[in-house]
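# Analysis of the macromolecular model
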Amino acid sequence: IGPASKKRLAEGDEQITNCYQLFGKFLMLRGPDTEERTVENMEHTEKFWQWLKQKGISSHRSAIVRAIAEKSATFFTGIYDANEWGDEDDE
């Protein structure tokens, strides 16, 4: 995340000023789950991608999602499965 993205993340009502908060936002988007339905991996990462887009992050958005998701998977089993992603170019 470069200086411009860092600045955009720190703007608005939902200010993200460090990587702990960014991970926290990613984890918050995992829900809400109900008795009938749970948020699965692909929906979760798509929600994070869309949130980054709303924050004005345009450079390397997919790479940011993957990096946060893959790192999260090291301490939360089942939160991300790299096999569910195709070989997409960064959008």
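Residues numbered from 1 in each chain as written. Predicted model: local features only at pLDDT ≥ 70, side-chain atom pairs only at ≥ 80, totals over all residues. Heavy atoms only, no water.

### Notes on the overall build of the protein
Condition: Secondary structure is summarised from DSSP: a helix means a run of H or I of at least four residues, a strand means a run of E of at least two, and numbering begins at the N terminus for each. Only the C-alpha atoms count toward the radius of gyration. The rule for a globule is 2.2 Å times the residue count to the power 0.38. Relative accessibility decides the category of a residue: with a 1.4 Å probe and only protein chains considered, values under 20% of the type maximum give buried, values over 50% give exposed, and everything between is partly exposed. Here, two residues are considered to be in contact whenever any of their heavy atoms come within 4.5 Å of each other. Note that His is not counted, nor are the chain ends; the positive residues are Lys and Arg, and the negative ones are Asp and Glu. Note that the charge is assigned to NZ on lysines, CZ on arginines, CG on aspartates and CD on glutamates.
Across its full length, the protein holds four helices and zero strands. Beginning at the N terminus, the succession of helices and strands in the protein can be written as α-α-α-α. Taken against the 2.2 N^0.38 rule, which gives 12 Å for 91 residues, the C-alpha radius of gyration of the protein at 13 Å falls within 12% of a compact globule. Viewed in the frame of its principal axes, the protein has a C-alpha envelope of about 40 × 30 × 20 Å. Burial statistics for the protein: of 91 residues in total, 32% are counted as buried. Sequence-distant contacts in the protein: of pairs separated by 6 or more residues, those separated by 24 or more amount to 48%. Taking the average place of the 12 positive charges on the side chains of the protein and the average place of its 17 negative ones, the gap between the two points comes to 9 Å.

### A short note on a nonpolar patch on the surface
The test is simple: Each patch is built from salt-bridge-free residues with over 30% relative accessible area, joining like charges within 9 Å and nonpolar side chains (Val, Leu, Ile, Met, Phe, Trp, Tyr) within 5 Å. Per-residue and other accessible areas follow the Shrake-Rupley method at a 1.4 Å probe size, with only the shown protein chains counted as cover for residues. Definition used for salt bridges: Asp or Glu carboxyl oxygen within 4 Å of a side-chain nitrogen of Lys or Arg.
A grouping of Leu 27, Phe 75 and Phe 76 is seen on the molecular surface, where their side chains present a nonpolar patch of about 260 Å² in accessible area. Assessed through its relative accessible area of 38%, Phe 76 is described here as partly exposed.

### Overview of the packing of helix H2 (residues 19-28) against helix H3 (residues 41-54)
Basically, it comes down to this: Each axis is a line fitted through C-alpha atoms, taken for helices only over the stretch in contact, and angles between the N-to-C directions span 0 to 180 degrees. The scheme is simple: roughly parallel for angles under 35 degrees, roughly antiparallel for over 145, roughly perpendicular for 65 to 115, oblique for anything else. Handedness of each helix crossing follows the sense of rotation of the near helix against the far helix: counterclockwise by less than a right angle gives left-handed, clockwise gives right-handed. Think of it as three bins: nonpolar holds Ala, Val, Leu, Ile, Met, Phe, Trp, Tyr, Cys and Pro, charged holds Asp, Glu, Lys and Arg, and polar takes everything else, Gly as well.
Interaxial distance between H2 and H3 falls to 9 Å at its minimum, and their mutual angle equals 130 degrees. On the basis of their axis angle, the class for H2 and H3 is oblique. Remark: the crossing between H2 and H3 carries right-handed chirality. Contact residues: Leu 22, Lys 25, Phe 26 and Leu 27 in H2; His 44, Thr 45, Phe 48 and Trp 51 in H3. By residue class, the composition of the contact of H2 with H3 is five nonpolar, two polar and one charged.

Geometry only, nothing functional implied.
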